[in-house]
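This is what each chain is made of:
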Amino acid sequence: MNKDLPVSVIIFGASGDLTQRKLIPSLLNLSRKGRLPKAFSIVGFGATAFTDEQFRNHLQDGAKQFAGFKFTPEEWATFAPHLFYQQGRYDQTADFQKLADRLSELEAGTANRLYYMAIPPTLFPNIIEQLGTTGQIHENGGWRRVVLEKPFGTDLASAQKLNHQVHKGLNEDQIYRIDHYLGKETVQNILFTRFANTIFEPLWNRNYIDHVQITVAEKVGLEHRAGYYDSVGVLRDMFQNHLLQLLMLVAMEPPASFKASSLRNEKVKVLSAIQPITGSAVAEHTVRAQYKGYLNEAEVKPDSITPTYAALRLYVNNWRWQGVPFYLRSGKNLAEKHSQIIISFKEPPLAMFPMAPGHKTASNMLVLYLQPDEGIHLRFEAKAPDTVSDTRSVDMEFNYAEAFGQTAIPESYERLLLDALQGDASLFTRADEVETAWGLIDPILQAWEANLAPPLAYYKPGTWGPAEANTMLARDGRKWMHEEARHMLES
Ligand code: BG6
């Protein structure tokens, strides 16, 4: 299919937040970096009444505020004439026909098209059907691709149904399901750290790794999204997608190539190897909690038991990982915003150095700081000078800003939009991947609902979560190591 054809990016939900904050600043940045084809149009579709001019002004305000690079009026003036708006309703074929006519007029011939669904998933099937009815997804010399925003389903059954519905109008290779964590530079770097080097991989297994901690902590609370959040909770909002994605990248086998299919095959194998937590096992392997004061938030049900925090202990049952716990945790209103992965290595087999009483070597630790303070640190033991045999933990570090410059990290949507335009689906989730992930989350949700686990715990906003999450690790003789990781950053 011809890559040099003009391209149209059509955004459904164009008057919404995502378009203004993320999509347009990302497309603007791609355009100023010269990464879009010469002939391109960005057409917003939505219920709001905008003229092209009003739409452009609205987006300009967003770009000024949210672009992670220096906004200049000159660059905007070059970009803005590519922006258009088509008012329409999602259930009206006539409005979709108007969109089709407008696109044909703008494209003036064969073109490629990327349809971006920045709208609730309940609308996907109908829109895809309307696009089909009006001949817009038929590949006629140019490609047709569709980006689907999350959440993709609320459980396995709804994800299967949604997959079934979207497959009626589209082939799987036309579908790009977004998980914005995969667009993060530091998340992609997990693969490069592992597979562009030889020094880590020989150690990356049950023989040397004691356990893995994956934390995605958020300082923010509900941010006016209570209506959505209260009906989903942390497991659906963060674990089914982002945290499991991180686990897959840490645990997967090296793919034979950097192609989407090889990569995604390996990721799905990891998910399939995870031991599902079912029935009464949830009591041992999961913790759910809600921050104190959650019930006072606007739009939250007065008796809501929606968890805003969860911690899980997962096992990947394969040769590489058998017996190595993966501890995952995420929550809102925690002490600080940070996403990090800690690989904690085993102790040396023999403690041969005579230590001062009460002194013990710390285990080696590789910390992948995904955000903020992006970088990688390795903690190891060194002899403390001028002692006979005391050791001290020291740190080797790589920091993105130091190595590549302050502004080196682009917004994840920029990368994902570019990949979708280039037809690279590696960083998007495949139908079976989404369903397998739901297959792991569903039994936990069901067991929680059936009260097979201890009741919801509570935590104070601004802390690291409930005491129960510490107890879960303490039972294994371990602890969450955010303090050690913080210390490494500061040292
Ligand atoms: C989204 C969740 O997918 O990810 C939000 O719906 C969450 O609740 C957000 O705040 C976190 O993303 P990031 O990039 O800020 O870590």
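Up top you'll find the structure we're talking about.
Note that the structure is predicted; figures quoted are calculated from it, not measured. (Residues numbered from 1 in each chain as written. Predicted model: local features only at pLDDT ≥ 70, side-chain atom pairs only at ≥ 80, totals over all residues. Heavy atoms only, no water.)

Draft legend 1. Here's a closer look at the site of the ligand. The environment of the ligand is made up of Lys150, His180, Tyr181, Lys184, Glu218, Arg225, Asp237, Met238, His242, Lys332, Lys337 and Gln371. Between the ligand and the protein, one listed contact pairs an oxygen atom with a side-chain N or O atom of Tyr181 at 2.4 Å. Burial of the ligand by the protein amounts to 83% of the accessible area it has alone, namely 400 Å². (Near = heavy atom within 4 Å. Polar contact = N/O pair within 3.5 Å; in protein donor to acceptor, adjacent residues only side chain to side chain. Areas by Shrake-Rupley, 256 points an atom, 1.4 Å probe, with all protein chains shown as cover.)

Draft legend 2. Representation of the sheet that holds strand E7 (residues 209–217) within the structure. Strand order across the open sheet formed by nine strands is E14-E13-E12-E11-E7-E10-E9-E8-E15, with mixed pairing between neighbours. Lying at the two open borders of the sheet, with one neighbouring strand each, are strand E14 (391–399) and strand E15 (457–459). Adjacent strand axes in the sheet meet at a mean angle of 20 degrees when their direction is disregarded. Here strand E8 (residues 286–291) pairs with E15 via three bridges, running parallel. When the sheet's bridge partners are listed, Tyr291 is paired in E15 with Tyr459. Sheet strands in contact with helix H13 (residues 431–449) are E8 and strand E9 (309–315), and its direction is about 65 degrees off that of E8. Across the sheet, helix H14 (residues 467–474) touches E7, E8, E9, strand E10 (325–331) and E15, and the angle it forms with E9 is around 15 degrees. (Pairing = 2+ DSSP bridges. Helix = DSSP H or I, 4+ residues; strand = E, 2+ residues; numbered from the N terminus. Axes fitted to C-alpha atoms, helices over the stretch in contact; angles between N-to-C directions. Contact = heavy atoms within 4.5 Å.)

Draft legend 3. Structural view of a nonpolar patch on the surface. A surface patch of nonpolar side chains, amounting to about 360 Å² of accessible area, comprises Leu350, Met352 and Phe353. By secondary structure assignment, the location of Phe353 is in the loop between strand E11 (338–345) and strand E12 (365–371). For Phe353, a relative accessible area of 46% gives the class partly exposed. (Patch = residues over 30% accessible without salt bridge, like charges linked within 9 Å, V, L, I, M, F, W, Y side chains within 5 Å. Salt bridge = Lys/Arg side-chain N within 4 Å of Asp/Glu carboxyl O. Buried < 20%, exposed > 50% of the residue type's maximum accessible area, 1.4 Å probe, protein only.)

Draft legend 4. Local environment of the sheet that holds strand E1 (residues 7–12). Taken together, the six strands give an open sheet; going across it, the order is E3-E2-E1-E4-E5-E6, and neighbouring strands pair in parallel fashion. The open sheet is flanked by strand E3 (83–87) and strand E6 (175–177), the only strands paired with a single partner. Here the average twist between neighbouring strands, direction ignored, is 20 degrees. Sheet topology note: the E1/strand E2 (residues 40–46) ladder contains six bridges and is parallel.

Draft legend 5. Representation of the packing of aromatic side chains within the structure. Applying the stated rule across the entire model yields 22 aromatic pairs. A ring pair is formed by Tyr291 and Tyr294, whose centres lie 5.5 Å apart and whose planes are at 85 degrees; its orientation type is edge-to-face. The pair Tyr291 / Tyr294 is uniform in exposure class, with both members buried. Measuring from centroid to centroid gives 6.0 Å for Phe398 and Phe404, while their planes differ by 80 degrees, and the two rings are edge-to-face. You can call Phe398 partly exposed: its relative accessible area is 25%. Aromatic ring contacts, followed pair by pair, group Phe12, Phe45, Tyr90, Phe96 and Tyr115 into a single cluster. One Lys or Arg, Arg177, reaches over the ring of Phe152 and ends 4.9 Å from the middle of that ring. The ring of Tyr181 carries the charged tip of Lys184 above its face, separated from the ring centre by 4.6 Å. (Phe/Tyr/Trp six-rings, centres within 6.5 Å; stacked < 30°, edge-to-face > 60°. Lys NZ or Arg CZ within 6 Å of the ring centre and 35° of its normal.)

Draft legend 6. Quick look at H14. When H14 is considered as a whole, its buried residues turn out to be Ala469, Met472 and Leu473. When H14 is viewed along its axis, its buried side chains cluster within an angular range of 90 degrees and face the same direction. (Arc of directions from axis to C-beta.)

Draft legend 7. Representation of the pattern of salt bridges in the model. Scanning the entire structure with this criterion turns up 27 salt bridges. The closest approach of N and O atoms between Arg56 and Glu53, which form a salt bridge, is 3.8 Å. Here Arg56 and its partner Glu53 are both found in helix H2 (residues 52–66), three residues apart, which amounts to about one turn of the helix. On the basis of relative accessible area, Arg56 is assigned to the buried category, the value being 15%. By relative accessible area, Glu53 is classed as partly exposed at 47%. Two residues, Asp95 and Arg89, come together in a salt bridge whose shortest N-O distance is 3.0 Å. In the salt-bridge network here, residues are joined through shared partners; they are Arg194, Glu201, Glu253 and Arg320.

Draft legend 8. The side chain of Gln20, seen in detail. One can find Gln20 in helix H1 (residues 17–32). Reaching out from Gln20, the side chain makes a polar contact with the backbone oxygen of His58 at a distance of 2.9 Å. Leaving out residues up to four positions away in the same chain, Gln20 has contacts with Pro25, His58, Leu59, Asp61, Gly62, Ala63 and Phe66.

Draft legend 9. Looking closely at helix H7 (residues 185–195). The buried fraction of H7 is high, at eight of eleven residues. Three or more residues of H7 are buried, namely Thr186, Val187, Gln188, Asn189, Ile190, Leu191, Thr193 and Arg194.

Draft legend 10. Up close: unusual backbone geometry. For the bond from Lys150 to Pro151, the omega torsion is 0 degrees, close enough to zero to count as cis. Residues Gln371 and Pro372 are joined by a peptide bond in cis, for which omega reads -20 degrees. With respect to the element layout, Pro372 can be found in the loop between E12 and strand E13 (375–383). Even without being glycine, Glu223 reaches a positive phi, approximately 45 degrees. By secondary structure assignment, the location of Glu223 is in the loop between E7 and helix H8 (226–251). Positioned with a positive phi, Asn333 is a non-glycine residue whose angle comes to about 60 degrees. Considering the arrangement of structural elements, one finds Asn333 in the loop between E10 and E11.

Draft legend 11. Quick peek at the pairing of E13. Direction of pairing for E12 relative to E13: antiparallel, over a ladder of five bridges. The residue bridging Leu368 from the neighbouring strand is Ile376, located in E13. Hairpin remark: E12 followed by E13, antiparallel, with three residues in the connecting loop; positive phi at Asp373, about 50 degrees. Bridge count between E13 and E14: nine bridges; the pairing is antiparallel. Considered in E14, the bridge of Leu378 is made with Met396.

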